[in-house]
Every structure is written in structure tokens, then in C-alpha cells.
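Breakdown of the fold
Residues per chain, in single letters:
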Protein chains: 2
Amino acid sequence: MEKVALSDAAISNDRRAIRRIQRLSLHLLRPLDAFDGHVFPSLCVGGRDRPPLPSVSLAELMEYMKRRHRDVQERIFDFFASRLKLHTPVEISTAEHRELCMRQLTALVRDAGIRPLRFVLEDPSVYFVIMEAAGGIDISLGIKMGVQYSLWGGSVMNLGTKKHKDKYFDAIDNLDYPGCFAMTELHHGSNVQGLQTTATFDPITDEFVINTPNDGAIKWWIGNAAVHGKFATVFARLILPLQGKGGKSADMGIHAFIVPIRDIETHDVLPGVEIHDCGHKVGLNGVDNGALRFRSVRIPRDNLLNRFGDVSRDGKYTSSLPTISKRFAATLGELVGGRVVLAYTSVGVLKVALTIAVRYSLLRQQFGPPKQPEVSILDYQSQQHKLMPMLASAYAFHFATQYLVDEYSEMKKSHDDEVVNDVHALSAGLKAYVTTYTSKSISICRESCGGHGYAAVNRFGILRNDHDIFQTFEGDNTVLLQQVAGDLLKQYKSKFQGGTLSVTWNYLKESMASYLSQPNPVTTRWEGVHHLRDPSFQLDAFRYRTSRLLQSVVMRLRKHTKTLGSFGAWNRCLNHLLTLAESHVESVILAKFIEAVQKCPDKNTMDVLKLVCDLYALDRIWNDIGTYRNVDFIAPNKAKAIHKLVDYLSFQVRGVARELVDAFNLPEIVIRAPIGMASEAYSQYTECVGF
Amino acid sequence: MEKVALSDAAISNDRRAIRRIQRLSLHLLRPLDAFDGHVFPSLCVGGRDRPPLPSVSLAELMEYMKRRHRDVQERIFDFFASRLKLHTPVEISTAEHRELCMRQLTALVRDAGIRPLRFVLEDPSVYFVIMEAAGGIDISLGIKMGVQYSLWGGSVMNLGTKKHKDKYFDAIDNLDYPGCFAMTELHHGSNVQGLQTTATFDPITDEFVINTPNDGAIKWWIGNAAVHGKFATVFARLILPLQGKGGKSADMGIHAFIVPIRDIETHDVLPGVEIHDCGHKVGLNGVDNGALRFRSVRIPRDNLLNRFGDVSRDGKYTSSLPTISKRFAATLGELVGGRVVLAYTSVGVLKVALTIAVRYSLLRQQFGPPKQPEVSILDYQSQQHKLMPMLASAYAFHFATQYLVDEYSEMKKSHDDEVVNDVHALSAGLKAYVTTYTSKSISICRESCGGHGYAAVNRFGILRNDHDIFQTFEGDNTVLLQQVAGDLLKQYKSKFQGGTLSVTWNYLKESMASYLSQPNPVTTRWEGVHHLRDPSFQLDAFRYRTSRLLQSVVMRLRKHTKTLGSFGAWNRCLNHLLTLAESHVESVILAKFIEAVQKCPDKNTMDVLKLVCDLYALDRIWNDIGTYRNVDFIAPNKAKAIHKLVDYLSFQVRGVARELVDAFNLPEIVIRAPIGMASEAYSQYTECVGF
């Protein structure tokens, strides 16, 4: 017996074409607005006055769910679909994966003519769909692209000035200058202000001298550094000799510098630079992360990215911003796009995992009533419980991240202060919330597909491993949620009395006023389906919780600050603050989902989306029922009714589950998993094993 | 720059020895019964009347936590510690990993003289510690060993008779006959009774003919099949020609047969057998899973494993058991050891992940009060919230699985019916509950270690990927929990009125009687620390919940069965049934933990264990506070007090966290992660990257 290669590449082009035609014809034959006849629809209906399952037109739903600039994504999918040598096989060594990933990126830029850098600067919504599509081909490719264009390219363009743009734009865009973003150090990740690398100005030679003062300051996890990078944007403390008190050196805080690390022609590591390979990772092994140590590496003064602070020929510091902390905030503020893109692409990963899990759960049959055929595992209440609220969340996140992208684009145009604030906190909150949710969900999808979910070819392993770090990079989720909480507190304190709250925060003013009195003892008992499915009840519940959490944490912080100081008090309330931040993010997500339902032009589609939205809202309320019960916002009878309704809505959503995942409209090249194909799943699976 | 191999093997023996000595001296120098001075102990203390942190003697704690037969484990650790060529590198291809894993197993059996088969049959508690230690070297090795000894060896010995034992024992034990356990088919995993492979008796040649009737009946995921196996225990429907009604064939149900699949000398695949490679998996790539198709493969009649059913020379069926379903139950009953071992070794995996995460969280410092040193991330409430209840759970599971192993060993000796029942349900419940918990926890550990947790060398990726399938094999967790629920219902129905309940179920009788009345309105409001930390309050709460869930599901099932039939009613209540099963398992775990605390001979150790046990109990109650609030078992003020106490206990456990993980006493060869070493963690980490 020979071992059989499992790579997609092994399947010849011809067979793919035939299969696509077969699949297309199946789509045409299948009545799109009908349900799959599932085996026991009467099972959960029970009651007499249940509404009928909504009917759904896949075409309408797909149209409404279409990302803007879908044409750009299709160009990318088509480009890769016809180039089998660029497909990532199921098993690949780290060294080969890195080379393949670089080839994929180079082909995309040079052969397919996708030039991302302009979009990073001028039209981020196009950049985001490019990133999503690239990540669909291989998440490593998406991240490799992000390192080159958002991090390395973005830092040069956004933190530098015209001279940098003139010198670097084309070579970054066409990949002549692959580069790195060297911020994180071995001892400092989240605490960027604690970085220890120094850049000392030498007025004699008009240069900066870059130094790694100790092992803890080695730049660590730097993408593109181990193999491909020629430059790095290095974050370091700017030291000006003789400019401090009593003629000492002055530490001007963290600034960014362009540091060449390898020779442009020979690719040899440059003198004074020491590079090691961070080695094999849990996932994303197409990206070559390295560690960098600098020993008195000299760079010209022009290499300081000087948009927010500059050093003159004679070593004097100038800045339009008055303090170190304001300059630091402005510098980091330019990097917020990375969070937007992670939130956005994380939803893309969730959709892939869900498509595979739902399709397999419809296909797979196991057990059944005595002497009757076996039933699809998606007909089991437990499987619906695992997957249907997840499907609802994917829809909710789809609309919320779309909103975030729009706001971010608006911010890049207007630079309006209010929008800036909103985008900063919302991108932190959505990035943290969505990536944590997706990470957990991929594991649940794997588990819900049993043994076949454990075959690498069926994708859950690589999706989980690659996506895992989304929770950590571009801001650790626990830290980001604290930023959201901090922002809520700031707004509460400074603007609550008469001032304006920023857009997505606005509801707090209203809800504070109306809810901080005791809940209405009548409505807490209402348990009718009509009431529970009323968006204003659902939003009220979410916002009430946020308001309560905000108010109570303000009081607790005030109390503890007196004895513990502000740091100690913050830590003492930390779990509370994290819950507050999550609650706020959920409120925003629900509000955006409800808006999307209401804006839907097609009545049937709207009904389906309303069903999904209700499941999202009520499942979240049920998950946190303890909180609601504790403050008697919801009475026991109502809690029970919500629980029952969540089961029932999951059952209803199962009735349209196939259409809901088909509407994500993910091409085969993105799904790839044999068990996740729209048809012939088992036979594709046996085929890939060699039968 | 050269790529640097990250393999442990790269670290020379000498350096290891030096490091071990250094470490040992650190242990000796460190006052074992003192706390780590952590930065702000006053932070969470607040109240005036808080008890002081308990002091702990690591030696006493370690002694109490020592697994029986620790000497056998140390023999295995020492054997591998000195054989670098047998260490699994961080990155390894599937093909190489399979060969390495076979070499590891062969060396363990032939060079280290570990002979597991006798223990499988005669002293399973020794077998379980061998499995745990092997899994500590590489989880693939543990599973490869399990396939050979529990599955292949165990099925031959337990389902066969003396003739099989005589013929196969030695060759299985010394690895001359590597074998497989061919139960699962492509279309049937959980539903074993739905298997379609046939074994038809041919009375002319006195043989069975093994056949795969269709693609769905291909044996799938068969460990040891792709490369190494020479035999397989094949589960197939026994077909007897002319024995059915009207002279038709009779289907006697699922039986097990020994089928040779490769030539003993040449290792060529035998005629009629088709083997394909299931390929790369999410994890456990040291185990070679394959797919088997049989085309009229003939085996002698003696190859029927005939303990529970036999066929005579003239084709007549005999059995000591009257029905197909009784024989099926007896056959599967012999396989329950696999669940015991998975529950037991899953705790081992949890301990490894926790040791790494806790040690790194003590080492890692990030942020801090203004102008003061940074603080360990384990001093953050959020990090305590993530890791301390998990540490408490590992202790809880340790004692519960120890109990399960003892019961299992007792069962193998006595075959007492009550113990058999108890072990069946308890092994199903603990396997499902513990493996689900461990899977989630590994992800949380990874995330709580940030970027450095994502380096493959730091282990979380491989632990998660290897352990993931523990949730699925030897019984899908969702299916196993239903068995537990089913057993609870059976006991409720048949024995509740005056009959005896099996050992671990006994509490239900009492609690049913005392709790099904309304909760006592006075005690529901008690919120004193003494009351909340009283084991009888905690046990009451757990058991009350189980009793309520059991009673209410009985009523719901009764109601729905009338309209939906038993299958439909079961499905309609499925989420409820799963919650019931989990609740029961938690009750058993808590009871065993409380027992272990009370039995502890050393007072200080007992105090520490009591602290950990309280955290386990109250954290679980808080997690399900909605349920308790809904039935007013706990009043709002009490809920708030529990919440506060959980934070406080987490803070207290953090004070002894280092000792709690050190007491797991895992050797370096099991931990391996540089960031998880007891000392020098950062320098081991930079060293392994090449600095």
C-alpha cells in the first residue's frame, strides 16, 4: 500500500471542472426557496399557534449578504483556482510553507496585479476584502500580506512624511522591499511603553544608533524577519544626548525608525544585526517570524518616521504634539486598521468553519427512531444548540464588522474626532469579542463533526491553529477589552452630564436615565413570544445590563481607589470591567443586526434575518440569565420562556441552515474540506483518501 | 542566518545535567513552605475578618498527590530522558512521526521491558499509569500503545477464549503482532449497531467470509492500519446462511473477528484486503490511521472471538446470552477500560498545560502601578479568573479519576453487578466531562500565555491538537452523556421506590426526598463565608440541582412521549438531558474531592486542599447561578456573596499556585516547554531559538 497524498493539488483540473458543472446543475435543479425536508419537523413545534417556518430565497439572501467589492475577491479566487501549484497542501513543512506563502503573495501582486498599498491609504474597504480573500486562500497569506502592507507599509506611510512615501511606496507595493514591523520585544508585548530598544542620536555623524540593551529587549515574533524581510520599522526609545536635565541624555519616548536588516542585493544580514528564527508555531507557519538583536546599528537621521516628532540636524526635538503620551497615542492610533482587519477576517474564518460543520451535519446520519431511517445529526437538539446560535452570531458579526469598516473608512477621510474615538474603541471591542468567539467556535465545529472533523483535509485543525493568535496579536484581547471599558468610563465621567457621547455609545445616556430605577415589575413577567421577539425588548435588555454594569463599576472603582490606588482598584474590579466591555460590544452588535434586518428590502429575506437575529439576541440573554435574574429584570417564568424559545428558534433556524451557509457564498477554493462541499461530500472524502 | 532546530534533542545531555543540578539546588534553597511574595497581596483582601492564606508544605502536598505506581512512571521517564533519539521534535512530518512513534513503543517494550498486556488483564491500575507516562512522552505514543494493548490486545483477550489467549498473548505483548481495532466505518461511528461489514459463515470450508458491502461500510480511522498493523479485530454482522426464517440467512448481530491484514513475514497487504491511508490529522500524527475494505476475505472459524457467542462446525449458533442486544452490550462492555484511561490521561494533559501556563504567568510581568516595577500577570484578577478555577478543577479531576480507576480495578476483580453499572456510567460521564473541560482549558492556557504561548516549542498547540480527539473516540462525548442520563433515568424508574441505587448514585434518593419541596427561605439567604465554604452546603447545591433536573426531565419525557414517541421525546429534551448528566458528574466529582480533603492526614495540606475544593465548588455554582436563581435556591444577596467569594478564593489560590502545580511533580521531559520550566524560563527560551 502506498501512502496517498491528500493535497488538493492531487485532484486534476479536469475532475474539478466536471465537479463544478455537476454542482452547478444541482443548484439549478434544487428549488432554492424550498426547505430540506428534514425528518421530524413536528418534533419541536408542539404548540398550536407557532408561526410557519419562513421561506427563503437564496438568491435574495446572498445578494443582501454580498460584501462590497466582491468582484475584487472573485478576481483573487479565480486567479488561484487555476494555479494548482500555488495551493497550500494539507501537510507542508514550515520551510516549504514560508516559501510557498511568499510565492503566493508575489504572484498575487505581480501576476494578478493586486496592488494593496494604495488601498491601505486611500480606500481601506477594498484593502479589507483583499485581505479576506487572501486569507481564504491561506490564512498565512493574509497575514503575510498584512505584515507587508498594513504593518511595514502602513507604518512607513502613516508615521512617516512625504520623503518616506516618495522613497518607499513603489518598492513596498511591488514587493522589491519586503519589510517587518519590529515592535514586540521578548519581555514586552502589551506594554508597548515598556519597550527597551534605544535609538540614540549621534550629532557628529547625523545618524541614529539602534541598540538592544539586554536579552529582554530582543525584538521577538517579528513577521517577515526570519527569511524574507529587507527592512524593519523598529520601535525604540528616542534618546537625545545632552538634551536632558543637567546635560544628561533625554528619553523622548517610543518612536519608529526604518532600519535596513538585509542587503538589498545579496540578502545577507547586515552588520550589527543578529537574526534568529522563532521557529515552528502553533499555526500560521507560512509567515516567517524572527527575533532581532541590534548592536549599534547606524541609520541616517532621515530614517526616523517623523510625522509626529522630528529631530533637527543639531539634535533638537520638534513635534506638533505637546507630550510623550500624546505622541505615543498618535503613533499607536495609526495602527488601528490592523484591529479592523482582524475583526473582519475573523468573521470570514467563522463562516468557513460553519459552512463545513453545517453541511456535514446535514449530510451525516446517525441513529433514528426504531425501524426508521437514521436522521441527520443536525436534527438533534444538541447539535442545533451547538451550531445554530453560532450561525446567528456569524450573521450578527457580519453586519457589525461591515459597520466598523464603513466607520473606519469614514474616519480615514474625515479625521473627525468623534469618529476617531468611536473607531478606536469599537475596533478594540469587536476585534477582542469576535476573535475570542471564533476561536471557541472552531473547536466546537470540529467536535460537532466527530472523527471526520479530525481529518486535516477537513480544515478545522488548520483554521483553529492559524486563527488562534488573532486573539493575541494587534492587542491582546484582555487588554483591548480594558481599553473599551476605559473608554466607557471616560465617556461616562466627562460627557454624561449634558455632553455628547460618541455615536455607538449614545444609547447609554438614554438607558441610564430610564433603567437605573427598579425594573418595571409588570414587564419583567411578560413572556409572550411577540414581546420576546420584539427588538426593543431585546435591545433594552442588552443596554440595561451595560448601564447597570457601568454604574456599579463606577461606584466600586470610586470606593476601592481610596484604599488601593487607581491601579489596585482597577485590578480589583477587572473581571467586572471585562464583563462591562463585552456587554457593551454585544449591545452594539445587536443594534447593528437589528438595523440590518430593518433595512432589508426583500420581505422574505427580512423574515429570515429577523429569525436569526432573534436567536442571536435571546441566546445571549439566556447565556447571561443569572445577571438578569439577580437584578430581577427578568422574572422566573420569563426566563423559562426565553430558554424554551431559544431551543425553538434554533430548531427553526435549522430549517434554513443550508441556505444560511450557502448565502455566505464561499467558493470551493476557500472551503476545500471534502465533508463541507455542497454535494458529493462523502465521495469527495473517500476519493481524497485514495478509494 | 541559519534556521535553528528547535528540537529538544538539540540540547546536549551535558547542559541538561547541569541545568537539572541548578534546578535542584534552587528547590533546596527555596523555602518550600513560604509563599512567593507577590506584589499586592492587600489588593483583594479588603475585608477585616479574612482568614490568613494557608501555608503549604510542597513535600506533603506532593506526597498526597502521588499517583500509585509512581515508580513505574519514573522508570519510563528515566528510560526516555537518556535516549535523545527517541524524543519527538517540535516539527516532524507525519511519515517520520509514525516511524518514531513505533520506535518509541518498541523500545519501551523491548528495551525498557515494560510489558503492558498482563496489566490490561490483571492489574489495570498499573496499565493506566503506564499509559499516562507514555502519553507524557508523546500523546501519540500513549494512543499507539492503547491501540495495541487495550484495543487490539484487549479485544482478543476479553472477547476471545483460551485458544485465542494461548495463540496471541505473547506475540501481541512483545509487538511481534501489531494489530488494529476495526470497529468504526465511514458511515457509522457512534451507532455501532448500524455497522454494515459482514462475516458470513461458509459451512463447506469452515470459514467466515468478511465483506465490505458498500463504500459507507469501509472501516475508517483504524489506528495501526495505514502502516504497522498485521491483524485487525474486525467488528462485523455475523451472517449464518440457512439459519433464518424460511431458510434465509440469519443476521446474528455484531461480532468480533480476528482478520490478518498483512503478511507476517513480508508485511505485504493480503489478498482481498485494500488499505488506504487516512492521511494527515489535526493531531496524533504518530498514529497511522487507515481505511480498510474487505473483498471476500476468508478466515478460519476459530478467528471468531467467541466468548459471548459461538458458531459450531455445522453452522449452529450458541451463546450464554439470550438476545442480540444482550450480547452486544456484553461485547461493548468489555471496552469500557478505554474510557477510564482517557478520563485518567486527560487529567494528565490538563496538568501539563496548567503547569506551563501558571509558571509562565508567575514569570511574565507586564504593566504595574505608576513608577513601580511591573507585576506578574498572575496578579491580575482576569488571569486568576482564567487559571485558578482550572487549577482547582485539575485537583478535583485528579481525585475523581483516581476513584474511577479504583472502581474499575474492583470491577475487574469482583464482576459485581452494581460496580459494573457504576463503572459503566461513571466512566462514560467522567470521560465526557473531563475531556471536554481539558480541551477548552488548553485553548485558554494558550491564550493566557499570549504570543509566547503560540511558539510550538511551548507545547499548547500540540497538546490541544493531540488531545482534541479525546472528546470523540471511545464514544462521542454528547453520546456518552446521554448514556449517563439514560442510566439516571433507569435508576430513577426501577429503583427509586425502595430499591438500591448504585454507589455513586445513592445521594439522589436522599436529595430527592429532602429537596423536592420548596427551598428553605432562610438558608437561601445565608451568605456568610462559613456557610458558603461548608461542604454540606456545596454538596447540597450540586445535588439539589441534579435532583431537580432529573425530576423535571422525567415529567417532560412522560408528556412528550405521548405525542412524539420515545425517540422524539428524547430529542425534544436532549439539551435538558445533557445538562442533567453534566450536573450529576459534577456532583460525583465534588463528593470525591470533599472526601479526599477530609482524608488528608496533614493539617496544612488539608487546609490548602480545602481552599482549592471550595473554589471548585463555588465557581461551578456561580457558573450556573441562573439555574439556582430561577428556582430560588439561592437569593440575590447570596448569589452576590458567592461571586465575590469566587474572586477572593481565586486570589488566595494564586498565592499557592506555584506549589499547586509543582505538586503535580511532572518531570522536565514531560513539560518540555521552555516557558514552563521551574526556573530560567526566559533564558531557556532564548537559547532554544539560538541566542
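Residues numbered from 1 in each chain as written. Chains lettered and ligands numbered in written order. Predicted model: local features only at pLDDT ≥ 70, side-chain atom pairs only at ≥ 80, totals over all residues. Heavy atoms only, no water.

Remarks on the domain arrangement of chain A
All names here are of chain A. Using the following cut-off: For every domain, the bounds stem from an assignment made automatically or drawn from a database. Residue contacts are counted whenever heavy atoms from the two residues lie within 4.5 Å of one another. When two parts are put together, the accessible area they lose, computed with a 1.4 Å probe and summed over both, is reported as buried area. By definition here, a salt bridge exists when the distance from a side-chain nitrogen of Lys or Arg to a carboxyl oxygen of Asp or Glu is within 4 Å. Think of a polar contact as two N or O atoms within 3.5 Å of one another; within protein, one of them needs to be a possible hydrogen donor and the other a possible acceptor, and neighboring residues in sequence only count if both atoms come from side chains. Going along the chain from the N terminus, every DSSP run of H or I of four or more residues is numbered as a helix, and every run of E of two or more is numbered as a strand. Three categories are distinguished: nonpolar for Ala, Val, Leu, Ile, Met, Phe, Trp, Tyr, Cys and Pro, charged for Asp, Glu, Lys and Arg, and polar for the others, with Gly belonging to the last.
Each assigned domain of chain A is listed with its residue range as follows: domain 1 (61-173), domain 2 (181-322) and domain 3 (337-671). The C-alpha centroid of domain 2 is placed 26 Å from the C-alpha centroid of domain 1. Counting residues at the interface gives 23 residues for domain 1 and 28 residues for domain 2. Here domain 1 meets domain 2 over a buried area of about 2200 Å², counting both sides, of which 58% is carbon and sulfur. Its largest share of buried area at the contact with domain 2, domain 1 owes to R98, W152 and L159, together 30% of the area lost on that side. Counting the contacts that link domain 1 with domain 2 gives 3 salt bridges. For D277, the salt bridge goes to R98, with nearest N and O atoms at 2.8 Å. There are 16 residue pairs in polar contact (both at pLDDT 80 or more) connecting domain 1 and domain 2. Those elements giving two or more residues to the side of domain 1 that touches domain 2 turn out to be α4 (94-111), α7 (139-159) and α8 (162-173). In terms of residue count, the dominant contributor to the side of domain 1 that touches domain 2 is α7 (12 residues). Taken together, the residues of the side of domain 1 that touches domain 2 break down into 10 nonpolar, 9 polar and 4 charged.

Focus on the UniProt feature "active site" (unreviewed entry) in chain A
All names here are of chain A. Going by this rule: UniProt positions are given in the numbering used here, feature names are shortened, and annotations may be inferred rather than shown by experiment. Relative accessibility under 20% of the residue-type maximum defines a buried residue, over 50% an exposed one, and the middle range a partly exposed one, all with a 1.4 Å probe and only protein chains included.
Following the UniProt record, one finds the feature "active site" (unreviewed entry) at E474. Position of E474 relative to the elements: it lies in the loop between α13 (460-468) and α14 (477-495). Judged by relative accessible area, E474 falls into the partly exposed class, the value being 24%. The residues touching E474, leaving out its near neighbours within four places in the chain, are L151, L335, G338, R339, L342, K431 and L480.

With respect to the sheet that holds strand β7 (residues 273-277) of chain B
Note the threshold: In this analysis, strands are considered paired if DSSP registers two or more bridges between them. Lines fitted to the C-alpha atoms define the axes, with helices restricted to the stretch that makes contact. Angles between their N-to-C directions range from 0 to 180 degrees.
If you trace the 3 strands from one edge of the open sheet to the other, you get β4-β8-β7 (chain B), paired in antiparallel fashion. Since the sheet does not close on itself, it has two edges, and those belong to β4 (219-223) and β7 of chain B, each with one partner. For this sheet, the mean inter-axis angle between neighbouring strands, taken without regard to orientation, is 35 degrees. Strand contacts of helix α24 (residues 681-689) of chain A: β4 and β7 of chain B, with the helix running at about 45 degrees to β4(B), the strand carrying the most contacts.

Remarks on α7(A)
All names here are of chain A. Basically, it comes down to this: Bend angle per residue: angle between axes fitted to the 7 residues ending at that residue and the 7 residues starting there.
Helix geometry: α7 is bent most strongly at G153, by close to 35 degrees. For α7, a buried count of 20 out of 21 residues is recorded, marking the element as mostly surrounded by other parts of the structure. Among the residues of α7, the N-terminal cap falls to D138, whose side-chain oxygen and the backbone nitrogen of S140 are separated by 2.9 Å.

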